[in-house]
Amino acid sequence: MSNSSTDVAKAAIKLAVSTREEENILIDELRKKDIKSAAVNIGGDLINSIPKIIERALVASKKTGIIKDVHVHEGAVAGAAKDAISQVDSKALGLNFGGKLGIARSGEHVVVCLFISIGLLHLNDLAIAVGHRSIPVVD
């Protein structure tokens with residue numbers, strides 16, 4: 001089964017916006033469609049959390065078999081995560097946030113989706129961003 005970059009992006013987005021209860025069901029459904037996936041909670045002050053967000057994306061991707069312990073795979077996930085962060089950083093600069101990363105891969109397509117709630121007192125804002133990379137399939 002071949003999934004397009006759009007299919008993989010949709011999977012990552014669904015994971016990022018899912019509840020914990022929905023997450024495991026969705027991961028099983030995606031596996032049947034030949035899409036490996038994972039999700040991880042994130043939060044804190046955005047600027048100080050950037051290295052931790054990228055690290056969590058890498059750990060979750062390796063732990064779940066989305067990527068192998070190969071430099072090119074690690075760079076792809078880190079780059080996609082960094083792209084997603086850069087899309088929301090101006091909105092969350094200096095503020096606290098909480099949210100979730102959705103990570104999905106099928107074939108050569110790897111997508112990291114960042115879905116966050118940005119807090120300022122009782123006024124919350126939302127942001128969603130997606131980063132994509134194409135990597136060679138390594139057996």
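In what follows, the structure referred to is the one given above.
None of these values were measured; they are calculated from a predicted model. (Residues numbered from 1 in each chain as written. Predicted model: local features only at pLDDT ≥ 70, side-chain atom pairs only at ≥ 80, totals over all residues. Heavy atoms only, no water.)

## Details of the packing of helix 3 (residues 46–63) against helix 4 (residues 71–92)
Between helix 3 and helix 4, the shortest axis-to-axis distance is 9 Å and the interhelical angle comes to 150°. Where helix 3 crosses over helix 4, the two elements pack in a sense that is right-handed. Seen from helix 3, the contacting residues are Leu46, Ile50, Ile53, Ile54, Ala57, Leu58, Ser61 and Lys62; seen from helix 4, they are Glu74, Val77, Ala78, Ala81, Lys82, Ile85, Val88, Asp89 and Ala92. Classifying every residue of the contact of helix 3 with helix 4 by side-chain character gives 12 nonpolar, one polar and four charged. (Axes fitted to C-alpha atoms, helices over the stretch in contact; angles between N-to-C directions. Helix = DSSP H or I, 4+ residues; strand = E, 2+ residues; numbered from the N terminus. Left-handed = near helix turned anticlockwise from the far one by under 90°. Contact = heavy atoms within 4.5 Å. Nonpolar A, V, L, I, M, F, W, Y, C, P; charged D, E, K, R; others polar.)

## Side note on helix 1 (residues 5–17)
In a regular helix each residue adds 1.5 Å, so 13 residues correspond to 18 Å; helix 1 covers 19 Å between its end C-alpha atoms and thus fits that length. All of the buried residues along helix 1 are Val8, Ala9, Ala11, Ala12, Leu15 and Ala16. Burial along helix 1 is one-sided: seen end-on, the buried residues are contained in an arc of 160°. (Expected span 1.5 Å × (residues − 1). Buried < 20%, exposed > 50% of the residue type's maximum accessible area, 1.4 Å probe, protein only. Arc of directions from axis to C-beta.)

## Observations regarding the nonpolar core
In this structure, Leu101, Leu114 and Ile116 are the most contacted members of the largest nonpolar core, which totals 32 residues. Of all the elements in the fold, those that place two or more residues in this core are strand 1 (36–45), helix 3, helix 4, strand 2 (96–106), strand 3 (109–120) and strand 4 (123–134). With residues up to four places along the chain from it excluded, the contact list for isoleucine 116 reads Ile42, Val88, Ala92, Phe97, Gly98, Gly99, Asp125, Leu126 and Ala127. In this structure, Ala16, Leu26, Ile35 and Ala104 belong to the second largest nonpolar core, which totals 14 residues. (Core = buried A, V, L, I, M, F, W, Y, C linked by side-chain atoms within 4.5 Å.)

## A short note on a nonpolar patch on the surface
The grouping of Ile13, Val17 and Ile128 at the surface amounts to a nonpolar patch, some 220 Å² of accessible area in total. Within the secondary structure layout, isoleucine 128 lies in strand 4. (Patch = residues over 30% accessible without salt bridge, like charges linked within 9 Å, V, L, I, M, F, W, Y side chains within 5 Å. Areas by Shrake-Rupley, 256 points an atom, 1.4 Å probe, with all protein chains shown as cover. Salt bridge = Lys/Arg side-chain N within 4 Å of Asp/Glu carboxyl O.)

## Here we look at the packing of helix 1 against helix 2 (residues 20–32)
Each pair of packed helices gets described by two things: the angle between the helix axes and the distance between those axes. Where helix 1 contacts helix 2, the axes come no closer than 9 Å and their chain directions differ by 165°. Relative to helix 2, the element helix 1 lies roughly antiparallel. The two elements helix 1 and helix 2 meet at a crossing, and its hand is left-handed. Residues Ala11, Lys14 and Leu15 of helix 1 pack against Glu23, Leu26, Ile27 and Leu30 of helix 2. Residue composition of the contact of helix 1 with helix 2, by class: five nonpolar, no polar and two charged. (Parallel < 35°, antiparallel > 145°, perpendicular 65-115°, else oblique.)

## Observations concerning the pattern of salt bridges
Taken as a whole and judged by the stated rule, the model has eight salt bridges. Linking lysine 62 and aspartate 69 is a salt bridge whose minimum nitrogen-to-oxygen distance equals 3.4 Å. Judged by its relative accessible area of 35%, lysine 62 is partly exposed. With a relative accessible area of 62%, aspartate 69 lands in the exposed category.

By themselves, these observations are geometric and do not establish any function.
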